[in-house]
Structure formats: C-alpha cells, structure tokens
Amino acid sequence: MSDATRDIETLIEMMAKLPGLGPRSARRAVLHLIKKRAPLMTPLADAMHRVSASARECLNCGNIGTTDICDICAAEKRATGELCIVEDVADLWAMERGQAFKGRYHVLGGTLSALDAIGPEELRIPKLRDRIEAEGITEVILALNATIDGQTTAHYIAEQLEGRVAVTSLAQGVPIGGELDYLDDGTISAALKARKSF
Amino acid sequence: MEWRDQGALLSVRRHGETAAIIEVFTAEHGRHAGVVRGGTSRKIAPVLQPGTQLDVTWRARLDEHLGTFTVEPVQSRAAAVMSDRLALSGLNAACALLAFCLPEREAHPVLYRRTVALLDMLGQTEAWPLAYLRWELSLLDDMGFGLDLGQCAVTGTEAGLTYVSPKTGRAVSAAGAGEWADKLLPLPQSLLGQGALDPGGIREGLITTGFFLTKWLAPQLGDKPLPQARQRLIDALARQG
C-alpha cells in the first residue's frame, strides 16, 4: 500500500469513528470529499484545523466557544438575572436555536447518577452557587431532561438554592404538533396535571 | 436460548451509538442484564426509565451470553414520581439498592412481589415511606441477613423491645439489655410498625437497616459503599421530618 493510499485509509478510519458514521458511510464521505476537494475538502480541513486550535470550554458557564468567556456570557444584554441550567452543551445549543431565552446559561456537564456514581461534586454545582452570588441572579430555570436522572438532579439543585433565588422549571406536556393518541401515559398525565385556564 | 418475563427496570447504560444495556429485576429470572438494540432511539429511550414495568423477551445463542432484550412497556412509573422530590428519592434508592445487592440471574419471587408493590405505591400514597422501610427489611431477609424483631433474644418477651443486637440482628428488651444496653443499637418503633410513622421515625428505621446493609451485606459484595441514592433518601426524609 502506498503512503497516499494509507493516508486515505487513515482518513476513512478516523471518519468512521464519528457519531452516525460506520466504515461504509465513512468511505462514501471520504470519496465525496476527495471528489469535491477544492469547494469542500480544503475549507473543511482549514475549519477543523482552526477549531481544533481555538475551541475551549467557557470558564464561566461551560459552553463551548473559541474564547475563555463565551459570547453569551460576555454579552451585557444577556445579564437579565435569569440563568438557565442545562445538562449538556447540546441542550444549550438546542435552547439557543429556539431564540426564546434571552438570559445566560449554566452547563452542568451531566446529571446525578447512582449507577455511574456521579454525585454533586462531579457536576458544576459549586460554580453555579458562585455565579448566583456574583452575577446577581434572580431566577434559575431548570431546563433538564424529563428523565429520572434529569429530574433527580433538578430536585437536588432546587434544594441547594432554596430560599436564595426563585427556581422554576420547564413545563412538561404535549409537544407542538403532537397527537394525543401517540403520546405515552406519563406525558398525558403530566400535561393534565399542568393544565391551565384557556 | 429464549424466555419471556415481566420485570422492573433497574438501570440503563448507553452501549455504542444506538444501543443500551439494561438491567431488569424480573419475576422468574431475577436481576438480568441484556442489550436493547435501538435503546437510545427517540421511540424507546423514554420507555427505558428506572422503575418502569416492562414485558421483556431475552434471546441469546448461549445462556452465558449477555443476550438481547426486546422490551414492551407495561406501566410507566416515572411520571408519578418526577414532580415529587421524596418519591423520586425513594425510586432511585430502591433501584440502586437492588442493582447493588441482587446476584445476577437468581430469582427472588418474594422480594420481586414486594418491589413491584413498593414501586406502585411511590408517589401514589403517603404511606410509601413505611412500605419502603419494610421493603428494606425484606431485602435483608432475602439476602440472608434478616432481622429477628419478634421477641427479645434474652428474655423471650414480645413487649418493650427497645434495642437490636448489632451482632445477631435480634431484638432485645430494655430489661434484657441490662449492662449491655450501650453496646446495642436502638430499635426504632417504626421497624416494629409502631409509634410515630412520620419521616423522622422512618429515617431512624433506615439508619438501623443501613447499619446491617453496611456491616453485614456490603462485605459480602466486595465491601463497596452503599449507593448514594439511599443516603439522599435519608437526607430527604430528614428535611421533611
């Protein structure tokens, strides 16, 4: 095998490690990149090189950006006194896609888990307490997953912040475009409990 | 190899990109693990919450293989407890303790029935903390470390039981304790189903069962510490009491 062929094989092997890709789809992706070398492969390689050098975790909230303090934490207009707690950076990005929340975020980096022995110390909860004091937070919004682990974490945080700041959480119920017939019993029950005047 | 059974889901771990490894406490096959293909998908992941009652079919080429599960939800219990801090702690503690204590693939039919009854009570009735305490006693019993709280180990009387021996797990009355009283554990009346059954009383009972879980059972399981989820339940009861 020549060096060039070995490099391509290496690229395929690396691509196959990406989420959602296997050896066959990685091979197709690499072939596509090679065919579109100028418009796609070179800019992609440049972008990956730049991000590899600059990507880092925000020291304040745990978001991923290219500076020590991310754009959201640095923006003065987002200092609304509201702090949205999310489990993971992917959740933060999902919230930002909706453009509904104008405050700042705090990424926990996981949830409490008895099975995996993840306790409060392994999450960014001490940093959360510091931020509430330092940033004059008036409301903490718990935007954690509606799972047993997510809600266990939410209750734990609510306990820790009791009496210090208003704590709210995202509503649970029927999704936009959802049909009742296809909803699980738990969602219908939660939606019914959280019903509001119409 | 193939069997079908019902059981309560104890834990879920992600396995690769799309699969999950689950542990289920089943009626006839005890605590059993297996892979659920597509277990992290949007369709199946919401079903795989600890405490959920599942109808499972396990398949493997050989009995000693991990095998795969196909799962069908029977009853979701997550919604009933999610908004109740204490009940959620109870669910976590029960699932974590079962995953901690139970040997794999060994049926415990009595404990299974009591576990299902407890899980059904969580978030539904206010009496569940007492049911949880009694469930821990039956867990100790099923694991071979049952407490004998029926009569005094010294005098044989059934009245005035106030201590429990840390060495034998037998109840001792105040009269029978004599000069050994300071070496015995207090016997909370909640363990006898008497006295105040408020969160404080239940908590005292859990501290006593915790002693035997830690000193008797855990050393047989590699001397690992008890799951943190159990301590969080005790802390939650302390806040309520």
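Residues numbered from 1 in each chain as written. Chains lettered and ligands numbered in written order. Predicted model: local features only at pLDDT ≥ 70, side-chain atom pairs only at ≥ 80, totals over all residues. Heavy atoms only, no water.

Draft legend 1. Layout of the packing of helix α4 (residues 128–142) of chain B against helix α7 (residues 228–240) of chain B. Residues and elements named next belong to chain B. Between α4 and α7, the shortest axis-to-axis distance is 13 Å and the interhelical angle comes to 145°. Crossing handedness for the pair α4 and α7: left-handed. Listed contacts from α7 to Trp 128, Pro 129, Tyr 132 and Glu 136 of α4 are Arg 230, Leu 233 and Leu 237. Of the residues contributing to the contact of α4 with α7, the split by class is five nonpolar, no polar and two charged. (Axes fitted to C-alpha atoms, helices over the stretch in contact; angles between N-to-C directions. Helix = DSSP H or I, 4+ residues; strand = E, 2+ residues; numbered from the N terminus. Left-handed = near helix turned anticlockwise from the far one by under 90°. Contact = heavy atoms within 4.5 Å. Nonpolar A, V, L, I, M, F, W, Y, C, P; charged D, E, K, R; others polar.)

Draft legend 2. Spotlight on the interface of chain B and chain A. Listed per partner, the contact involves 21 residues of chain B and 22 residues of chain A. Counting each side, the surface lost to burial between chain B and chain A is near 1,800 Å², with a carbon and sulfur contribution of 55%. Of all residues in chain B, Met82(B), Arg85(B) and Arg232(B) bury the most surface against chain A, accounting for 33% of the area lost on that side. One can count three salt bridges joining chain B with chain A. Here Glu162(A) makes a salt bridge to Arg85(B), at a shortest N to O gap of 3.4 Å. Our count for the chain B to chain A interface comes out at six residue pairs in polar contact (both at pLDDT 80 or more). Contributing elements (two or more residues each) for the side of chain B that touches chain A: β1 (2–15), α1 (78–82), α2 (85–101) and α7 of chain B. It is α2(B) that contributes the most residues to the side of chain B that touches chain A, five residues altogether. Across the side of chain B that touches chain A, the residue classes break down as ten nonpolar, five polar and six charged. (Buried area = accessible area lost by both parts, 1.4 Å probe. Salt bridge = Lys/Arg side-chain N within 4 Å of Asp/Glu carboxyl O. Polar contact = N/O pair within 3.5 Å; in protein donor to acceptor, adjacent residues only side chain to side chain.)

Draft legend 3. The arrangement of the nonpolar core in detail. In terms of nonpolar packing, the biggest core is built from 59 residues, with Tyr132(B), Trp135(B) and Leu139(B) touching the most fellow members. When residues of this core are assigned to their parent elements, the largest contribution, eleven residues, is made by α2(B). Counting contributing residues per domain, this core is built from domain 1 (2–76) and domain 2 (82–148 + 187–240) of chain B, each supplying no fewer than three. When neighbours within four sequence positions are excluded, Tyr132(B) is seen to be in contact with Gly90(B), Ala93(B), Ala94(B), Leu97(B), Leu118(B), Leu206(B), Arg230(B) and Leu233(B). Membership of the second largest hydrophobic core comes to 18 residues, among which are Leu112(A), Leu128(A), Tyr156(A) and Leu161(A). (Core = buried A, V, L, I, M, F, W, Y, C linked by side-chain atoms within 4.5 Å. Buried < 20%, exposed > 50% of the residue type's maximum accessible area, 1.4 Å probe, protein only. Domains from an automatic or database assignment.)

Draft legend 4. Molecular detail of the domain arrangement of chain A. According to the domain assignment, chain A contains domain 1 (3–54) and domain 2 (64–197). Placing a centre on the C-alpha atoms of domain 1 of chain A and another on those of domain 2 of chain A gives a separation of 35 Å.

Draft legend 5. Structural context of the packing of aromatic side chains. Residues and elements named next belong to chain B. For the structure on display, the rule yields eight aromatic pairs over all chains. Between the aromatic rings of Trp 3 and Trp 58, the centroid separation amounts to 5.8 Å while the plane-to-plane angle is 25°, which identifies the pairing as stacked. Here Trp 3 is found in strand β1, whereas its partner Trp 58 is found in strand β4 (residues 53–59), with 55 residues between them in sequence. In this structure, Trp 3 and Trp 58 share a single accessibility class: buried. Seen in terms of ring centroids, Trp 3 and Phe 69 are 6.0 Å apart; in terms of plane orientation they differ by 75°. Their pairing is edge-to-face. Note that Trp 3 is positioned in strand β1 and Phe 69 in strand β5 (residues 68–75), a separation of 66 residues in sequence. We note that Trp 3, like Phe 69, is buried. Taken together, Phe 145, Phe 211, Phe 212 and Trp 216 form an aromatic cluster joined through their ring pairs. (Phe/Tyr/Trp six-rings, centres within 6.5 Å; stacked < 30°, edge-to-face > 60°.)

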